[in-house]
Amino acid sequence: LYLLSERAEVHTQRVNLAESGFLVSMEKKERLDAQNYPYTQTAQGLTYRLHYPSGADMETNAALAALLQSVENAILSEDGVDPKTGRRWDELVDTDSWVRMFLLCEISGNLDSFKLSQYFYGDLRDGNVFAGPIWDCDKAMGNDNDPGWSVANPDVFMVCRYEKDDFVGPRLISALLRREQFFEKAVML
């Protein structure tokens, strides 16, 4: 399996962000510790590598960590509202980009989706998190021997196959699929 793409980085012709923008990716904490990359971790254990702004001050890093925690809180809460901020999940995430990313990962069978190398970007001023750009499809299109999911015989949504293990990322999508607004958009695309 070959994937040709440009790096996911902040640039006017790639991920075009304002000065108050951010670019993060879901990664394994152990990898980030070993390579000494900056990251933040949510209460549920999602680890995000901080790509941009690089070398951000503590206030910016704290604001980004709070936003990512709020997204997690809202998506995983029963009523879809972060109890700390009072913001709803659909005020925190760009629903269209998350639906498109879910469908792209699901259709391609990308085993790392919403788990590893999953990028998110946005602007800290409005606190809206977009899913993308797509990256790291080395375990897509059946290019992995995962006993828990098969391209030939899928019995669950591929993105949700790890829902019961210790990794939270796929549980975000499982929770979103139970939200009528998200599910309807996924069906309509």
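Provided above is the structure to which this section pertains.
These figures come from a predicted structure and were not determined experimentally.

Novice: Any chance you could explain the pairing of strand β5 (residues 128-131) here in plain terms?
Specialist: On a regular strand, one side chain projects to one face of the sheet and the next to the other, so that they alternate. Of the pairings in the sheet, the one linking strand β4 (residues 118-123) to β5 comprises four bridges and is antiparallel in character. Along β5, the bridge assignment pairs Gly122 with Val129. Two successive antiparallel strands, β4 and β5, enclose a turn made up of four residues, where Gly127 displays a positive phi of approximately 65°.

Novice: Would you mind showing me how to read the environment of Thr85 here?
Specialist: Tracing the backbone through its elements, the reader meets Thr85 in the loop between α2 (58-76) and α3 (89-92). It is 9.4 Å that separates the C-alpha atoms of Thr85 and Asn73, two residues lying twelve residues apart in sequence. A polar side-chain atom of Thr85 sits 3.2 Å from a polar atom in the side chain of Ser70. Among the polar contacts listed, one links the side chain of Thr85 to the backbone nitrogen of Arg87, at a separation of 3.2 Å.

Novice: Just to check I follow, could you spell out the packing of aromatic side chains for this structure?
Specialist: The geometry of an aromatic ring pair is captured by two quantities: the separation of the ring centres and the angle between the planes. Tallying each qualifying case throughout the model produces five aromatic pairs. Taking 6.5 Å as the distance between ring centres and 70° as the angle between the ring planes, the aromatic pair formed by Trp89 and Phe182 counts as edge-to-face. Here Trp89, found in helix α3, pairs with Phe182, found in helix α6 (residues 180-188); they are 93 residues apart in sequence, far enough to count as distant. Phe182 shares its class with Trp89; the two are buried. With centroids separated by 6.3 Å and ring planes inclined at 55°, the aromatic side chains of Phe102 and Phe182 adopt a geometry described as tilted.

Novice: Explain a nonpolar patch on the surface to me, please; I cannot follow it from the model alone.
Specialist: Together, Phe183, Val187 and Met188 make up a nonpolar patch on the protein surface, roughly 340 Å² of accessible area in all. The class for Met188 is exposed, based on a relative accessible area of 70%.

Novice: Mind showing me how you'd approach the pairing of β4 here?
Specialist: Summarising burial for β4: five of the six residues are buried, a large majority. Pairing of strand β1 (residues 21-26) with β4 involves six bridges; the strand directions are antiparallel. If you follow Ser25 over to β4, its bridge partner there is Tyr119.

Novice: Would you mind going over α2 with me for this structure?
Specialist: An α-helical turn contains 3.6 residues, so a residue and the one three or four places further along point in the same direction. Between its first and last C-alpha atoms α2 spans 27 Å; for 19 residues at 1.5 Å apiece the expected length is 27 Å, and the two agree. Turning to α2, its buried residues are Leu64, Leu67, Leu68, Gln69, Ser70, Val71, Glu72, Ala74 and Ile75. The backbone nitrogen of Glu59 has a side-chain oxygen 3.0 Å away, supplied by the residue at the start of α2, namely Asp57.

Novice: What am I meant to see in the environment of Phe114 here?
Specialist: Its location among the elements puts Phe114 in the loop between α4 (95-108) and β4. Along the primary structure Phe114 and Phe102 are separated by twelve residues, whereas in three dimensions their C-alpha atoms are 8.4 Å apart.

Cut-offs used in this document
- Residues numbered from 1 in each chain as written.
- Predicted model: local features only at pLDDT ≥ 70, side-chain atom pairs only at ≥ 80, totals over all residues.
- Heavy atoms only, no water.
- Pairing = 2+ DSSP bridges.
- Helix = DSSP H or I, 4+ residues; strand = E, 2+ residues; numbered from the N terminus.
- Polar contact = N/O pair within 3.5 Å; in protein donor to acceptor, adjacent residues only side chain to side chain.
- Phe/Tyr/Trp six-rings, centres within 6.5 Å; stacked < 30°, edge-to-face > 60°.
- Buried < 20%, exposed > 50% of the residue type's maximum accessible area, 1.4 Å probe, protein only.
- Patch = residues over 30% accessible without salt bridge, like charges linked within 9 Å, V, L, I, M, F, W, Y side chains within 5 Å.
- Areas by Shrake-Rupley, 256 points an atom, 1.4 Å probe, with all protein chains shown as cover.
- Salt bridge = Lys/Arg side-chain N within 4 Å of Asp/Glu carboxyl O.
- Expected span 1.5 Å × (residues − 1).

None of this, on its own, says anything about what the molecule does.
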